[in-house]
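Okay, here's what each chain looks like letter by letter:
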Amino acid sequence: MGETKYIFVTGGVASSLGKGIISSSIGKLLQARGYKVTIQKFDPYINIDPGTLNPYEHGECYVTVDGHEADLDLGHYERFLGIQTTKANNITTGRIYKSVIDKERRGDYLGKTIQVIPHITDEIKRNVKLLGNKYKFNFVITEIGGTVGDIESLPYLESIRQLKWELGKDALCVHLTYVPYLAAAGELKTKPTQHSVKELQSAGIQPDVLVLRTEHELSKKVALFCNVDENAVVQSIDAPTIYEVPILMQSQGLDVTILKKMGLPVGDTPGLGPWRAFLERRHKAEETAPLHIALVGKYDLQDAYKSIREALSQAGTYNDRKVSVDFVNSEKLTDENVAEALKGMAGVLIGPGFGERGVAGKFVAIKYARTHDIPTFGICLGMQCIAIEFARNVLGYADANSREMDEKTPHNVIDIMEEQKSITNMGGTMRLGAYECVLQKGSKAYEAYGTEHIQERHRHRYEFNNSFKEAYEAAGMKCVGINPESDLVEIVEIPALKWFVGTQFHPEYSSTVLHPHPLFVAFVKAAIENENEKK
């Protein structure tokens, strides 16, 4: 195969239809045919990256291995394809404009008037083709955030129009829309889809493939009125799990249609053996009684902890058990209601986050889990809270805290990192990306990984204060994961308890469908054993 092929995925009618899942599914099907594939997300908002966004605005902030704070869809790309994405896989309007303005300030445009066309669109096109040119991918799938018709998406649509004209058969547009069902009339309504396609056509783009989110079988009318081949109209009916979508797309020949339209040989249909084996195991696990895991945090929004929820679900499958993730709002937790809130929970996960809001409830949950020996997993701020609670209630430092919450505490068991002290800008300045960690043999963490040297992704400014390390270890909390360069503590655990582990890093970011994260698998296994003991 010669030149890189470019597939654009746009959305119409409504947002949150699952463009990321469709992009990931197309990528998975092409990858299964032996092609080298990557996926990128172009977000129309003006933030440079989502690192400073509240999770209520845009869901969780995903972190790539090279330390880029990215859209949560990159998590789907990595989980489905088992690839590692980088900063180049997530572009925002803010990044595009900043790059153009920086070039203008340097004098790169030689006195020209800088305009949306051609300068902004040229910069978008350069970024679309960057990964293909640099790494020689067979396919680069580009998901365009937002909905067709949004004013901020217009430069992206114009860039796609130009690329389709320039690249000919090497560029293809997949348009995902919603077909609502009117229960009173007992009918599906295709008119919103027709309008969405007309909107796309008014921008000069004729979609090559339509994917319709719907709940019932559709007629051929859509193909006729939207000027699309009949076999290029694919239905995406709600599935029990997002991991079914590649199978559903394959059964309707979506990958075959794409290959034919791009002038490539079709060949044999891949069996997707490992993927189907995972789904079969998952279906069996879903038939078991749910294992209740409490997710203690302050963001009452599914997408705020997307990667954690997926990692727990995957770990459940590989333990042949259905996991029910039960959100527990840490802002509402008190010593009086914690027993009721954690009743029936086989395990407790203390979620990540920033700031003081909701932290007091996390301390309450940790104390209850520690004193009742419930398997507990603390991630990032969750790990720091484990350290603070231990300092207050075991070491006897009643005023122990993090410098993030109390700058004047004499027992700053969590302190700001040295290199963070002079930083004033909030965006993109934390300790970000993958760092080395050496595990202590014989620890729960080592037992889970089965190796001494690991690499995990970080996103934080504050860190365990090593001057308290001796006191912790003497009292029974061990520092079992250390960064070999900085000597920073990355993992703490209490060996005397069933499974009580805190990680400064985010293991959920590297859990995938075919390679679940070992710490999540070990945590769920410990929760199952804990539940069995209580019976």
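Some points on the overall build of the protein
Then comes step 1: Along the protein, the regular secondary structure elements total 18 helices and 23 strands.
Then comes step 2: Taking 24 Å as the expected radius of gyration for a compact globule of 535 residues, we find that the protein reaches 25 Å, a close match to that expectation.
Then comes step 3: Taken over the C-alpha atoms alone, the protein extends approximately 70 × 60 × 45 Å along its principal axes.
Then comes step 4: When contacts within the protein are restricted to residue pairs at least 6 apart in sequence, long-range pairs at least 24 apart make up 72% of them.

A short note on the pattern of salt bridges
Then comes step 1: Tallying each qualifying case throughout the model produces 31 salt bridges.
Then comes step 2: Here the salt bridges share partners, and the residues they tie into one network are Lys41, Asp43, Asp71, Asp73 and Glu143.

Thoughts on the sheet that holds strand β16 (residues 401-402)
Then comes step 1: Taken together, 3 strands build an open sheet; the order of strands is β16-β17-β20 and the sheet is mixed. Every other strand in the sheet has two partners, leaving β16 and β20 (462-464) as the edge strands with one partner each.

Digging into empty space enclosed by the protein
Then comes step 1: This model, assessed by the stated rule, comprises 2 cavities of 30 Å³ or more.
Then comes step 2: One number sums up the size of the largest cavity: a volume of about 70 Å³.
Then comes step 3: Forming the boundary of the largest cavity are Gly353, Phe354, Cys380, Leu381, Gln384, Glu404, His460, Arg461 and Tyr462.
Then comes step 4: Residue composition of the lining of the largest cavity, by class: 4 nonpolar, 3 polar and 2 charged.
Then comes step 5: Roughly 30 Å³ of internal volume is contained in the second largest cavity.
Then comes step 6: What lines the second largest cavity is Thr10, Gly11, Ile144, Gly145, Gly146, Thr147, Val148, Ser153 and Leu157.
Then comes step 7: Tallied by class, residues from the lining of the second largest cavity come to 3 nonpolar, 6 polar and no charged.

Some words on the packing of aromatic side chains
We describe a pair of aromatic rings using the distance from one ring centre to the other and the angle between the two ring planes.
Then comes step 1: The full count for this structure, using the stated rule, is 18 aromatic pairs.
Then comes step 2: Pairwise contacts between aromatic rings join Phe80, Tyr243, Trp275, Phe278 and Tyr318 into one cluster.
Then comes step 3: The ring centre of Phe137 lies 4.9 Å from the NZ or CZ of Lys36, which sits over that ring.
Then comes step 4: Its guanidinium or amino end placed over the ring of Tyr435, Arg431 lies 4.1 Å from that ring's centre, counting from NZ or CZ.

Digging into the packing of helix α11 (residues 273-286) against helix α12 (residues 306-318)
Then comes step 1: Viewed as axis vectors pointing N to C, α11 and α12 meet at an angle of 85°, and their least axial separation amounts to 8 Å. By the criterion of interaxial angle, the relationship of α11 to α12 is roughly perpendicular. Listed contacts from α12 to Phe278, Arg281, Arg282 and Ala285 of α11 are Ser313, Thr317 and Tyr318.
Then comes step 2: Grouping the amino acids of the contact of α11 with α12 by side-chain chemistry returns 3 nonpolar, 2 polar and 2 charged.

Some words on the layout of surface pockets
Then comes step 1: Roughly 530 Å³ of internal volume is contained in the second largest pocket.
Then comes step 2: Along the wall of the second largest pocket there are 26 residues; nearest its centre are Gly51, Leu53, Gly353, Phe354 and Arg459.
Then comes step 3: Tallied by class, the residues present in the lining of the second largest pocket amount to 14 nonpolar, 6 polar and 6 charged.

Re helix α15 (residues 381-393)
Then comes step 1: A rise of 1.5 Å per residue sets the reference length of α15, with its 13 residues, at 18 Å; its end C-alpha atoms lie 18 Å apart and thus fit the reference within 8%.
Then comes step 2: Of all the 13 residues making up α15, 11 are buried; the element is thus mostly covered by neighbouring parts of the structure.
Then comes step 3: Among the residues making up α15, those that are buried are Leu381, Gly382, Met383, Gln384, Cys385, Ile386, Ala387, Ile388, Glu389, Phe390 and Ala391.

Overview of the packing of helix α5 (residues 116-135) against helix α6 (residues 154-167)
Then comes step 1: In contact at an axis separation of 9 Å, α5 and α6 are set at 65° when each is read in the N-to-C sense. Classified by the interaxial angle, the pair formed by α5 and α6 is roughly perpendicular. Where α5 crosses over α6, the handedness of that crossing is right-handed. For the pair α5 and α6, contact is made by Val116, Ile117, Ile120, Thr121, Asp122, Ile124, Lys125, Val128 and Lys129 and by Pro155, Tyr156, Glu158, Ser159, Gln162, Leu163, Glu166 and Leu167, respectively.
Then comes step 2: Split by residue class, the contact of α5 with α6 holds 9 nonpolar, 3 polar and 5 charged.

Let's talk about the pairing of strand β6 (residues 139-144)
Then comes step 1: Burial within β6 is extensive, with 6 of its 6 residues counted as buried.
Then comes step 2: On β6, burial covers both faces: Phe139, Ile141 and Glu143 on one face and Val140, Thr142 and Ile144 on the other are all buried.
Then comes step 3: When strand β1 (residues 5-11) meets β6, the two strands line up parallel, connected through 5 bridges. By the bridge assignment, Tyr6 is partnered in β6 with Val140.
Then comes step 4: Bridge count for strand β2 (residues 37-43) against β6 is 6 bridges, and the pairing is parallel. Directly across from Phe42, in β6, lies its bridge partner Ile144.

Remarks on the sheet that holds β1
Backbone hydrogen bonds hold the strands of a sheet together, and the pairing may be parallel or antiparallel.
Then comes step 1: Ordered in space as β5-β2-β6-β1-β7-β10-β11, the 7 strands form an open sheet in which the pairing is parallel. Of all the strands in the sheet, the pair left with one neighbour each is β5 (90-92) and β11 (233-237). This sheet shows a mean twist of 20° between the axes of neighbouring strands, independent of strand direction.
Then comes step 2: Contacts from helix α4 (residues 93-106) reach β2 and β5, with the element oriented near 70° to β5.

Notes on the side chain of Asp49
Then comes step 1: In this structure, Asp49 sits in the loop between β2 and α2 (55-58).
Then comes step 2: With residues near it in sequence (within four places) discarded, Asp49 still touches His68, Glu69 and Thr92.

Looking at the environment of His460
Then comes step 1: Mapped onto the elements, His460 comes out in strand β19 (residues 453-460).
Then comes step 2: With relative accessibility at 2%, the residue His460 sits in the buried group.
Then comes step 3: Distance in space between the C-alpha atoms of His460 and Tyr449 is 23 Å, their sequence separation being 11 residues.
Then comes step 4: At a separation of 2.8 Å, a polar atom in the side chain of His460 contacts the main-chain carbonyl oxygen of Tyr462.

Brief notes about the nonpolar core
Then comes step 1: Counting 50 residues, the largest nonpolar core has Ile7, Ile26, Leu30, Phe139, Val174 and Trp275 as the members making the most contacts within it.
Then comes step 2: Considering each element in turn, this core owes the most residues, 5 residues, to helix α1 (residues 19-32).
Then comes step 3: If we ignore the near neighbours within four places in the chain, the residues touching Trp275 are Lys28, Phe80, Tyr243, Pro246, Ile247, Val513 and Leu514.
Then comes step 4: One finds Val328, Leu333, Phe363 and Leu395 within the second-largest nonpolar core, a separate group that totals 42 residues.

Criteria and thresholds
- Residues numbered from 1 in each chain as written.
- Predicted model: local features only at pLDDT ≥ 70, side-chain atom pairs only at ≥ 80, totals over all residues.
- Heavy atoms only, no water.
- Helix = DSSP H or I, 4+ residues; strand = E, 2+ residues; numbered from the N terminus.
- Rg over C-alpha atoms; globule rule 2.2 N^0.38 Å.
- Contact = heavy atoms within 4.5 Å.
- Salt bridge = Lys/Arg side-chain N within 4 Å of Asp/Glu carboxyl O.
- Pairing = 2+ DSSP bridges.
- 1 Å grid on protein atoms, 1.4 Å probe; cavity = no way out; pocket = protein on both sides within 12 Å on 5 of 7 lines; lining within 4 Å.
- Points joined across faces, edges and corners; volume = space filled by probe spheres on them.
- Nonpolar A, V, L, I, M, F, W, Y, C, P; charged D, E, K, R; others polar.
- Phe/Tyr/Trp six-rings, centres within 6.5 Å; stacked < 30°, edge-to-face > 60°.
- Lys NZ or Arg CZ within 6 Å of the ring centre and 35° of its normal.
- Axes fitted to C-alpha atoms, helices over the stretch in contact; angles between N-to-C directions.
- Parallel < 35°, antiparallel > 145°, perpendicular 65-115°, else oblique.
- Expected span 1.5 Å × (residues − 1).
- Buried < 20%, exposed > 50% of the residue type's maximum accessible area, 1.4 Å probe, protein only.
- Left-handed = near helix turned anticlockwise from the far one by under 90°.
- Polar contact = N/O pair within 3.5 Å; in protein donor to acceptor, adjacent residues only side chain to side chain.
- Core = buried A, V, L, I, M, F, W, Y, C linked by side-chain atoms within 4.5 Å.

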